[in-house]
2 protein chains.
Amino acid sequence: MSQLPEQPTMTSVPTSADVARLAGVSRATVSYVLNNNATVRISEQTRRRVREAASDLGYVPHAAARSLRAGHSRMVLLPTWHIPAGPLHQRFFHALQSDLRRLDYTVVQYGSGGLDADEAARAWAELRPVAVVSPGGPALTPYGIDVLTRSGAKAVITLGPQPVDGAHALVMDQRVVGSCAVAHLLARGRRRIGVVLPQEPGLALFGEPRLVGARRTAEAAGAHVQPLPLRYEEESAAQLASRWRTLGLDAVFAYNDEYAMLLMRALQDAGIPVPGETAVIGADDLMLGRLLRPRLSSVRMELAAGQAPAELIDRLVRHPGGTPERHDLLRATAVPRESS
Amino acid sequence: MSQLPEQPTMTSVPTSADVARLAGVSRATVSYVLNNNATVRISEQTRRRVREAASDLGYVPHAAARSLRAGHSRMVLLPTWHIPAGPLHQRFFHALQSDLRRLDYTVVQYGSGGLDADEAARAWAELRPVAVVSPGGPALTPYGIDVLTRSGAKAVITLGPQPVDGAHALVMDQRVVGSCAVAHLLARGRRRIGVVLPQEPGLALFGEPRLVGARRTAEAAGAHVQPLPLRYEEESAAQLASRWRTLGLDAVFAYNDEYAMLLMRALQDAGIPVPGETAVIGADDLMLGRLLRPRLSSVRMELAAGQAPAELIDRLVRHPGGTPERHDLLRATAVPRESS
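Parameters at a glance
- Every chain's residues receive numbers from 1 upward, in the order its sequence appears when written.
- The order in which chains are written sets their letters, starting at A; the order in which ligands are written sets their numbers, starting at 1.
- Selection of residues for local features in this predicted model requires a pLDDT of at least 70, selection of side-chain atom pairs for listing and counting requires 80 or more, and totals for whole chains, interfaces and linings are taken over all residues.
- Where side-chain values are given, they derive from all heavy atoms of the structure, hydrogens and water being excluded.
- In DSSP terms, a helix is any run of H or I states spanning at least four residues, a strand is any run of E spanning at least two, and both are numbered starting from the N terminus.
- Computation of the radius of gyration draws on C-alpha atoms, with the globule rule given as 2.2 Å multiplied by the number of residues to the power 0.38.
- Here the Shrake-Rupley method, with its probe set to 1.4 Å, supplies the accessible areas, and only the displayed protein chains count as covering residues.
- The positive count covers Lys and Arg only, the negative count covers Asp and Glu only, and His and the chain ends enter neither.
- A charge is said to be at NZ when it belongs to Lys, at CZ for Arg, at CG for Asp and at CD for Glu.
- A simple rule labels every residue: compare its accessible area, found with a 1.4 Å probe on the protein chains alone, to the largest value its type can have, and call it buried under 20%, exposed over 50%, or partly exposed in between.
- For two strands to pair, DSSP has to find at least two bridges joining them.
- Aromatic rings from Phe, Tyr and Trp, taking only the six-membered ring of Trp, are treated as a pair when their centres fall within 6.5 Å; an angle between ring planes under 30 degrees marks them as stacked, one over 60 as edge-to-face, and anything in between as tilted.
- Consider the ring centre and the ring normal. A charge sits over the ring if Lys NZ or Arg CZ is within 6 Å of that centre and within 35 degrees of that normal.
- The arc in question is the one spanned by the directions pointing from the helix axis to the C-beta atoms.
- Note on contacts: a residue pair is in contact if any heavy atoms of the two residues lie within 4.5 Å.
- An axis is simply a line fitted to the C-alpha atoms; with a helix, the fit covers only the stretch in contact. Between two such axes, the angle follows the N-to-C directions and lies from 0 to 180 degrees.
- Bear in mind that the domain bounds are from an automatic or database domain assignment.
- For this analysis, a polar contact is any N or O atom pair within 3.5 Å, provided that within protein one partner can donate a hydrogen and the other can accept it, and provided that sequence-adjacent residues contribute only side-chain to side-chain pairs.
- Multiplying one less than the number of residues by 1.5 Å gives the expected span of a helix.
- Under this scheme an angle from 65 to 115 degrees is roughly perpendicular, one under 35 degrees roughly parallel, and one over 145 degrees roughly antiparallel; angles in between are oblique.
- Note on residue categories: nonpolar means Ala, Val, Leu, Ile, Met, Phe, Trp, Tyr, Cys or Pro, charged means Asp, Glu, Lys or Arg, and polar means any other residue, Gly included.

Let us now look at the overall build of chain A. Looking only at helices and strands, chain A has 13 helices and twelve strands in total. Computed over C-alpha atoms, the radius of gyration of chain A comes to 26 Å, more than 25% over the 20 Å expected from 2.2 N^0.38 for 340 residues, which places it beyond the range of a compact globule. Projected onto its principal axes, the C-alpha coordinates of chain A cover approximately 85 × 40 × 35 Å. Here chain A displays about 14400 Å² of accessible surface, and carbon together with sulfur accounts for 50% of that area. Across chain A, the mean location of the 38 positive side-chain charges is 6 Å away from that of the 33 negative side-chain charges.

Below, the discussion takes up the pairing of strand β5 (residues 168–171) of chain A. All names here are of chain A. Side chains of β5 alternate between two faces, with H168 and L170 and A169 and V171 buried alike. Inspection of the sheet shows strand β4 (residues 155–160) paired to β5 by four bridges, in the parallel sense. For L159, the partnering residue across the bridge sits in β5 and is L170. In this sheet, strand β11 (residues 326–328) lies alongside β5 in parallel orientation, the contact comprising three bridges. Across the sheet, the residue bridging to V171 is D328, located in β11.

All names here are of chain B. Under the counting rule described, the total for this entry stands at four aromatic pairs over all chains. Between Y232 and Y259 the ring centres are 5.1 Å apart and the planes differ by 50°, which places this aromatic pair in the tilted class. Here Y259 lies in helix α12 (residues 257–269) and Y232 lies in the loop between β7 (224–230) and α10 (234–242), a separation of 27 residues in the sequence. Residue Y259 is classed as buried on the basis of its relative accessible area of 4%. With 5.5 Å between their ring centres and 85° between their planes, Y255 and Y259 make a pair best called edge-to-face. For Y255, a relative accessible area of 5% translates into the label buried. Positioned over the ring face of Y105 is R74, at 4.0 Å from the centre of the ring.

Before going further, it helps to examine the pairing of strand β4 (residues 155–160) of chain B. Residues and elements named next belong to chain B. Of all six residues making up β4, six are buried, and the element is well covered by its neighbours. Of the two faces of β4, the one lined by A155, I157 and L159 and the one lined by V156, T158 and G160 are each fully buried. Across four bridges, the pairing between strand β3 (residues 131–134) and β4 is parallel. Residue pairing for β4: V133 is matched across the bridge by I157.

Further remarks concern helix α2 (residues 27–34) of chain B. Residue and element names in this part refer to chain B. Here α2 has its buried residues at T29, V30, V33 and L34. The buried residues of α2 all sit within an arc of 120° when viewed along its axis, so they share a single face. The secondary structure elements touched by the buried residues of α2 are α1 (16–23) and α3 (44–57).

Residues and elements named next belong to chain B. In space, the four strands of this open sheet follow the order β7-β6-β8-β9, with parallel pairing throughout. Here the strands that pair on one side only, and so sit at the sheet edges, are β7 and β9 (279–281). Within this sheet the neighbouring strands show an average axis-to-axis angle of 25°, counted without direction. Of the strand pairs in this sheet, strand β8 (residues 251–253) and β9 are connected by three bridges, and their pairing is parallel. For A251, the partnering residue across the bridge sits in β9 and is A279. The strands touched by helix α9 (residues 204–220) are β6 (192–198), β7 and β8; relative to β7, the strand with the most contacts, the crossing angle is about 160°.

Turning next to unusual backbone geometry. Residues and elements named next belong to chain B. Cis rather than trans, the peptide bond between V274 and P275 has omega equal to 5°. For P275, the position within the fold is in the loop between α12 and β9. Of note, the amide linkage connecting R293 to P294 takes the cis form, showing an omega dihedral of -5°. Mapped onto the elements of the fold, P294 is located in the loop between β9 and β10 (298–303). With a phi angle near 50°, R128 is a residue other than glycine that sits in the positive phi range. As for its position among the elements, R128 is in the loop between α6 (117–126) and β3.

Each domain of chain A was delimited in the assignment, giving domain 1 (16–61), domain 2 (73–171) and domain 3 (175–302). Centre-to-centre, using C-alpha coordinates, domain 1 of chain A lies 33 Å away from domain 2 of chain A.

Time to look at the side chain of S16 of chain A. Residues and elements named next belong to chain A. Among the structural elements, S16 can be located in helix α1 (residues 16–23). Exposure remark for S16: the relative accessible area of 10% places this residue in the buried category. There is a polar contact of 3.2 Å between the side chain of S16 and the side chain of R27.

Now for helix α3 (residues 44–57) of chain A. Residue and element names in this part refer to chain A. Look at α3: 20 Å from first C-alpha to last across 14 residues, which is about the 20 Å you get at 1.5 Å a residue. Those residues of α3 that fall on the buried side of the exposure criterion are T46, R47, V50, A53 and A54. Looking straight down α3, one finds its buried side chains confined to an arc of 130°; they lie on one side. Exposed residues lying more than 90 degrees from the buried face of α3 are Q45 and D56. At the exit of α3 stands G58, carrying a positive phi of roughly 70°.

Residues and elements named next belong to chain A. Relative to each other, helix α6 (residues 117–126) and helix α7 (residues 142–150) sit at 10°, their axes nearing to 9 Å. Classified by the interaxial angle, the pair formed by α6 and α7 is roughly parallel. Listed contacts from α7 to D118, A121, R122, W124 and A125 of α6 are Y143, G144, V147 and L148. A per-class count over the contact of α6 with α7 returns six nonpolar, one polar and two charged.

Looking now at the environment of S151 of chain A. Position of S151 of chain A among the secondary structure elements: in the loop between α7 and β4. For S151 of chain A, a relative accessible area of 10% puts it in the buried group. Residues S151 of chain A and L78 of chain A, spaced 73 residues apart in sequence, show a C-alpha to C-alpha distance of 16 Å. What S151 of chain A contacts, discounting residues up to four positions off in sequence, is A125 and R128 of chain A together with V60 of chain B.

Residue and element names in this part refer to chain A. In spatial order, the strands read β7-β6-β8-β9; together these four strands make up an open sheet with parallel pairing. Each edge of the sheet is formed by a strand with only one pairing partner; in this case those strands are β7 (224–230) and β9 (279–281). In this sheet, adjacent strand axes meet at a mean angle of 25° when their direction is disregarded. Strand direction decides the pairing type here: strand β6 (residues 192–198) and strand β8 (residues 251–253), joined by three bridges, are parallel. Bridging from a neighbouring strand, G194 pairs with V252 of β8. Across the face of the sheet, helix α12 (residues 257–269) comes into contact with β6, β7, β8 and β9 while running at roughly 160° to β9.

The following block contains the structure:
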């Protein structure tokens, strides 16, 4: 059985023993100082001497060796897919990473495109994360949750449109987006509402639940919803616009602002007055939508939780084994402009 | 000195010894099979038995333990910053991750926002990556390169607008974008060319070299370039448009398509005919730019290399210590439409 390679394989790689020698302290002291262990009393002067010696030698602790010794890691793994994520998602990820780092976790993202769900779970488990915050949906199976838990993950959490059985869930329930858009259109007196379903790979994960929310809200008011498949291409939009009057719709929720801009242009080019004959609303509240004439109405989305997500993850890691929790993060507000 | 924790800390965590017992083979055989070691002859039947036993037990190898035993890791670290990256960048990252995985590397991204350059390098070094592919510029210093190399990284590579001394460089030279845009405007007979400098944090890294390229190409033709600071806000664009005629410009390269859409709308609202009085060109070739009237001219960017970037990284890892290499990836082509 091999030992931890505290002796460097390359003569130039500094070790904690080199730091201890230079600082005139024990290796245990070096470990306590550099791992910010607060349970041991070490003078500020000694801490400074250790840090300076580490800095002079260019020594940094070895995260994997430390977690092997400790029996657990501080790595939070954020698997990513090649799904075009909106600006909201990007900001959320950025804030989550900063907040987790402040709680002394190491956060890494892992691009999982091209792997199936079970392959992906095994690849994540090889990194022995203490927590996994995964897009849910098709990306995580009961088998995957089991593999991760057995490999030592204290918390397996989904972050996506739908929860997955057996995992904690940070839910961005896309139904509220469709529901909000349709409620706005109903309030404007519209009754026959098209709902765009984007045909690009991966987007059904968001488009389908937006349709479900739209339909539910429309039917509760006795109104009608019509799904409208659309590719993000001018030709696809022109085709839809050319048969628009046969559809008998007076409004459309166009999935998001980009699809709404595409469709509104096609409707205008086909001579359909917006909003006179058809009201249009998107989602994401992009600045570009305000540049159109008429200015594009939109649904603004915000992510909020009773507890900051990073603190929630930390709590689930420190108290593993409880019943799966569900936290709804997504809030939606209509932003009416001129197109609806 | 602690041993590798082959004995599980939780009784439910399966080990390679459990797999060996179930499959009726030695632990060495389990290791050879699950690590795809091709240098040892093992029958297909035995390989299948080992894989089935691992699958039944939910066992996956421990990447960190394996790299501690091997003395090196297969982790390629891609640090990320919170800079809004274009679609080109996202596609490139996705392809790079897939290609590196096919070469048996584990690719992880590490969000480094909020850390200074030296803190970031130490945080990366803790993960003991075999290669780091970092955004260059302010994000990597000679100290950082030294820390990473001493911690065992075989290749430190920048991926960004500018190379960094001492590291290999995959250069996306933004000057070619400005040069290409201005060459197009000159060919259209324009001589007094504004160049938008986006004022959002992080974008100077791209905006400044685009201006340098624009200026160089303009001056070589005896034409004039005027830097135009612009925030991504309607108010900022309206202010710029309100003093447009005092600037005496007949064209503008607006950094990218989003800023171009913003500025073109403001120019039109201020009564400046586009392209009659002022030609406008963006960059990124977004579909949305085609929806405007006039349709927006753009610069299309492509990333190309003589050698696939993943193979290049693999070669640099397998032959460390050579002179820093520079590979230029960015190609730019003007896409003329109606606005120029």
